[in-house]
Amino acid sequence: MSTEPILEAHDLAKRYGRRTWALTGIDLAIPQGGITALVGPNAAGKSTLIKTWVGFERPTRGNVTVAGIDPQKDRSSVLGLVGYVPQSPSLYDGLSIEDHLDLAVLLRPEFDRAYALRRLDQLGIPAGQGAKSLSGGQQAQVALALALGTRASILLLDEPLASLDPLARREFLHVLTDAVRSEGATALLSSHIVTDVEQACDRLVVLGVGKILLHDTVSDALATHWLATEGAATPAGAAIGSFGGPSGERLTLVRQPASSVGPDLRPASLEEVVLGYLASGRVVPGEAAA
Amino acid sequence: MSRIGSWLILSFKLHRWEVLAAAAGVAILSAAMLWFTWQLRALSATDPGCVDPAAYAPGCSQLGQRFYELSSKAELLSYLSWLSPFVMGLVLGVPLVSREIEHRTAGLAWTLSRSRTWWLARRAAFLVLVLVVLLLVVAIVGEVLAFPQMPAQHLDRDFAWYGRRGGLIVVRGLAALGLGILVGAWLGRVLPALLVAIFASVLIFSGISLGMDRWMEGHAIVQAFDADRAGGRQLGERILLPSGELIDYGELQRRGLAYEVIQDDRLWARPEDIGHMDRLIGYDRYLVVPGSLYSQIVLDESAVVGGTTVLLALAAAAFVRRRRPG
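The shown structure was predicted, so the numbers you read here are calculated from the model rather than taken from an experiment.

### Quick look at the domain arrangement of chain B
All names here are of chain B.
And then number 1: Entries for chain B in the domain assignment read domain 1 (3–217 + 297–322) and domain 2 (233–289).
And then number 2: Its C-alpha centre places domain 1 at a distance of 41 Å from the equivalent point of domain 2.
And then number 3: The interface is formed by 6 residues belonging to domain 1 together with 5 residues belonging to domain 2.
And then number 4: Summed over the three residues of domain 1 that lose the most area to domain 2, namely F159, M216 and E217, the buried surface amounts to 71% of that side.
And then number 5: Inspection of the region where domain 1 meets domain 2 yields 2 salt bridges.
And then number 6: The shortest N-O distance in the salt bridge between R238 and E217 comes to 3.1 Å.
And then number 7: Counting across the interface, domain 1 meets domain 2 through 2 residue pairs in polar contact (both at pLDDT 80 or more).

### Concerning the nonpolar core
And then number 1: In this structure, L7, W53 and L156 of chain A together with V97, W110 and W119 of chain B are the most contacted members of the largest nonpolar core, which totals 109 residues.
And then number 2: With residues up to four places along the chain from it excluded, the contact list for W110 of chain B reads F56 and L79 of chain A together with V97, I101, R116, W119, V320, R323, R324 and P325 of chain B.
And then number 3: Residues L155, L204, F243 and L251 of chain A belong to the second largest nonpolar core, which totals 43 residues.

### Thoughts on the domain arrangement of chain A
All names here are of chain A.
And then number 1: Domains assigned within chain A are domain 1 (5–208) and domain 2 (217–280).
And then number 2: A separation of 31 Å is found between the C-alpha centroids of domain 1 and domain 2.
And then number 3: With 13 residues of domain 1 at the contact, the number on the domain 2 side is 8 residues.
And then number 4: At the boundary of domain 1 with domain 2, total buried surface from both sides reaches about 880 Å², with 81% on carbon and sulfur atoms.

### What to know about the packing of aromatic side chains
And then number 1: Inspection of every chain in the model, using the stated rule, returns 10 aromatic pairs over all chains.
And then number 2: Their ring planes at 40 degrees and their centres at 5.7 Å tell us that F159 of chain B and Y162 of chain B sit as a pair that is tilted.
And then number 3: F159 of chain B sits in the buried class, given a relative accessible area of 6%.
And then number 4: According to the relative accessible area criterion, Y162 of chain B is buried, its value standing at 13%.
And then number 5: Members of the aromatic cluster, joined through ring pairs, are W82, F86 and F205 of chain B.
And then number 6: Across from the ring centre of Y115 of chain A, 3.7 Å away, lies the NZ or CZ of R151 of chain A, which sits over that ring.
And then number 7: Positioned above the aromatic ring of Y79 of chain B, the side-chain terminus of R164 of chain B is 4.2 Å from the ring centre.

### A short note on the pairing of strand 8 (residues 203–208) of chain A
A regular strand places its side chains so that they alternate between the two faces of the sheet.
Residue and element names in this part refer to chain A.
And then number 1: Of all 6 residues that make up strand 8, 6 are buried, and the element is covered over most of its length.
And then number 2: A two-sided burial pattern is seen for strand 8, the buried positions comprising R203, V205 and L207 on one face and L204, V206 and G208 on the other.
And then number 3: Pairing analysis gives 4 bridges linking strand 3 (residues 34–39) to strand 8, with the strands arranged parallel. In the sheet register, L38 faces strand 8, and the bridge partner there is V205.
And then number 4: Across 6 bridges, strand 8 lies against strand 9 (residues 211–217) in antiparallel orientation.

### A closer look at empty space enclosed by the protein
And then number 1: For the structure shown, the criterion picks out 3 cavities of 30 Å³ or more.
And then number 2: In this structure, the largest cavity occupies an estimated 100 Å³ of space.
And then number 3: Along its surface, the largest cavity is lined by Y92, L103, L106 and L107 of chain A together with W7, L10, S11, L14, A109, W119, R122 and R123 of chain B.
And then number 4: Taken together, the elements giving at least two residues each to the lining of the largest cavity come down to helix 3 (97–107) of chain A together with helix 1 (3–14) and helix 5 (116–149) of chain B.
And then number 5: In terms of residue count, helix 1 of chain B provides more of the lining of the largest cavity than any other element does, 4 residues in total.
And then number 6: Considering only enclosed or pocket space, the second largest cavity measures out at about 40 Å³ in volume.
And then number 7: Lining the second largest cavity, in full, are V82, G83, Y84, L146, A147 and T150 of chain A together with L108, T111 and L112 of chain B.

### Re the interface of chain A and chain B
And then number 1: At the interface, 33 residues of chain A touch 28 residues of chain B.
And then number 2: Summed over both partners, the interface of chain A with chain B buries about 2,700 Å², with 58% contributed by carbon and sulfur atoms.
And then number 3: Together, Y92, L106 and L107 of chain A form the three largest contributors to the area buried by chain A at its contact with chain B, with a combined 27%.
And then number 4: Where chain A touches chain B, the interface holds 3 salt bridges.
And then number 5: In this structure, E110 of chain A engages R114 of chain B in a salt bridge whose closest nitrogen and oxygen atoms are separated by 2.4 Å.
And then number 6: Across the contact surface, chain A and chain B share 11 residue pairs in polar contact (both at pLDDT 80 or more).
And then number 7: In terms of residue count, helix 3 of chain A provides more of the side of chain A that touches chain B than any other element does, 8 residues in total.
And then number 8: Taken together, the residues of the side of chain A that touches chain B sort by class into 16 nonpolar, 8 polar and 9 charged.

### Some points on the sheet that holds strand 2 (residues 20–31) of chain A
All names here are of chain A.
And then number 1: Taking strand neighbours across the sheet as the criterion, the 3 strands line up as 2-1-4 in an open arrangement whose pairing is antiparallel. In this open sheet, the two strands that pair with only one neighbour each are strand 2 and strand 4 (61–66). The sheet shows a mean angle of 20 degrees between the axes of neighbouring strands, taken without regard to direction.

### A look at the pattern of salt bridges
And then number 1: Here the structure, examined in full by the defined rule, presents 29 salt bridges over all chains.
And then number 2: Here D11 of chain A ties to R61 of chain A by a salt bridge, and the two come within 3.2 Å at their closest N and O atoms. Here D11 of chain A, found in strand 1 (residues 5–16), pairs with R61 of chain A, found in strand 4; they are 50 residues apart in sequence, far enough to count as distant.
And then number 3: Overall, the relative accessible area of 34% leaves D11 of chain A in the partly exposed class.
And then number 4: Residue R151 of chain A is joined to E183 of chain A by a salt bridge in which the shortest nitrogen-to-oxygen separation is 2.7 Å. You can see R151 of chain A sitting in the loop between helix 5 (136–149) and strand 6 (154–158) and its partner E183 of chain A sitting in helix 6 (residues 166–183), a full 32 residues away along the chain.
And then number 5: The network of salt bridges with common partners includes E245, E251, R254 and R255 of chain B.

The rules behind each value
- Residues numbered from 1 in each chain as written.
- Chains lettered and ligands numbered in written order.
- Predicted model: local features only at pLDDT ≥ 70, side-chain atom pairs only at ≥ 80, totals over all residues.
- Heavy atoms only, no water.
- Domains from an automatic or database assignment.
- Contact = heavy atoms within 4.5 Å.
- Buried area = accessible area lost by both parts, 1.4 Å probe.
- Salt bridge = Lys/Arg side-chain N within 4 Å of Asp/Glu carboxyl O.
- Polar contact = N/O pair within 3.5 Å; in protein donor to acceptor, adjacent residues only side chain to side chain.
- Core = buried A, V, L, I, M, F, W, Y, C linked by side-chain atoms within 4.5 Å.
- Buried < 20%, exposed > 50% of the residue type's maximum accessible area, 1.4 Å probe, protein only.
- Phe/Tyr/Trp six-rings, centres within 6.5 Å; stacked < 30°, edge-to-face > 60°.
- Lys NZ or Arg CZ within 6 Å of the ring centre and 35° of its normal.
- Helix = DSSP H or I, 4+ residues; strand = E, 2+ residues; numbered from the N terminus.
- Pairing = 2+ DSSP bridges.
- 1 Å grid on protein atoms, 1.4 Å probe; cavity = no way out; pocket = protein on both sides within 12 Å on 5 of 7 lines; lining within 4 Å.
- Points joined across faces, edges and corners; volume = space filled by probe spheres on them.
- Nonpolar A, V, L, I, M, F, W, Y, C, P; charged D, E, K, R; others polar.
- Axes fitted to C-alpha atoms, helices over the stretch in contact; angles between N-to-C directions.

Laid out in structure tokens, this is it:
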């Protein structure tokens, strides 16, 4: 995996209307290769960030680049590098899967129809079937196959797992990881389901209320974060945020190298890491967003 | 399959309901118009003298009555052919972008296609093709019906059924298509876009029509009220003052030249003024574009509507380039 950033955001802010800030000044550099999970609650700005990279949203402030190219200046070149899976699968009701592949070839002559078809064959999704009759999971798989068929080096997936059942989510992630590993592509997968992305992703970006709360590799995030229960001693300045545990107890996420961890702390799961950061970034009522 | 074949099939599938509805509408309208053409021609063949209003032969009353009835119904149909370009242009144009946004498929299409302008051009090209073919049928059938409906007139030099026959139907349809695409791209929802596009098309085409009337005044001639205006297009009444100045009735009122009596084509302030030429207000006249200018006026209006279409298409492309996919 290269450390060269392929997706970058510099002081990126996006406002909708006069008052609603979706992003409030994001600096982010996602390196080439592997799968990065973009995690955050609803309305955290995940979709806005991805859509800005695709060129669908215009930044209010700052800019983004894809492989060094600003999509606002050269959207065509950016789209040549990117395969995009939108939030809802959004296929054409009146077309079959085969028609979708034909349409993709028509819109992008270099689209690898055979590759996309092979991917769908492996999942047992018949190409002649109408898009309207597909299950949610199958529609997501078709959307992924369309993105993979572009043979793009960057895949941007905007919450494709949101409406899928656990089995469909697992299948989707399996296809995605297989494709990314075998093609050496870079994928950014936004989701608010942490347990799923834990197995599939190499890196983790936690986005809360329009700002980046954590950006780390999954392994480092797991190795350096710990949980302290109520009453346990937490090292000064190491506490990230507190949140309620499953039994109502108060848990505090602590960032600390493994070498200096006391006996009161236990390793945090990835979900707990995310919860701790989201708790730290919670908006205080009345606080200005930007 | 060739790329063109694939483009045609996929484009049809994406617009099948609008295309089928438009084709069915044209088929029904054309069939009805051709039936009237056949009926009117059959009557003309029975006794040509009975269908010429200028020379009704004796003993024609039944045939003439039948011809008149059919002719009136055929004229009603011609209003449908006048309406068809606006209806078809909007029905085909509005959903092109708005449905993509409403159904959230724009995100898929606009990332697969590197250029939204090309995407729009390809999609619109299919609709242009469909619209031109269907409206050409309406335009030709309109001409075919007009001949037996007005057997005594030279329709290539006649403003009768203006906009209800001939190429203007096709040109107006393309403008309506452009307007539909633009409004659809702007609003991003099919039904509201259709309603707004209907309203906008009334404004735009009324504006063009009024503008054309004003522009045609430059080509019009002044005719006495009893002159033969066959084939001409009457733009309105005017008053020819004794000084030779030509004014409209509004201007006449503004000048305080009230008249009480019109005798033949002469306007008098009071009944007792009749015959006193020094008290004559003016002569009632008609402003008429001669029928000989029919082809030129059709070409001129086609150029204006065509230019409007280009502007609408450019605006739609600019809008789609900047639009959020929903």
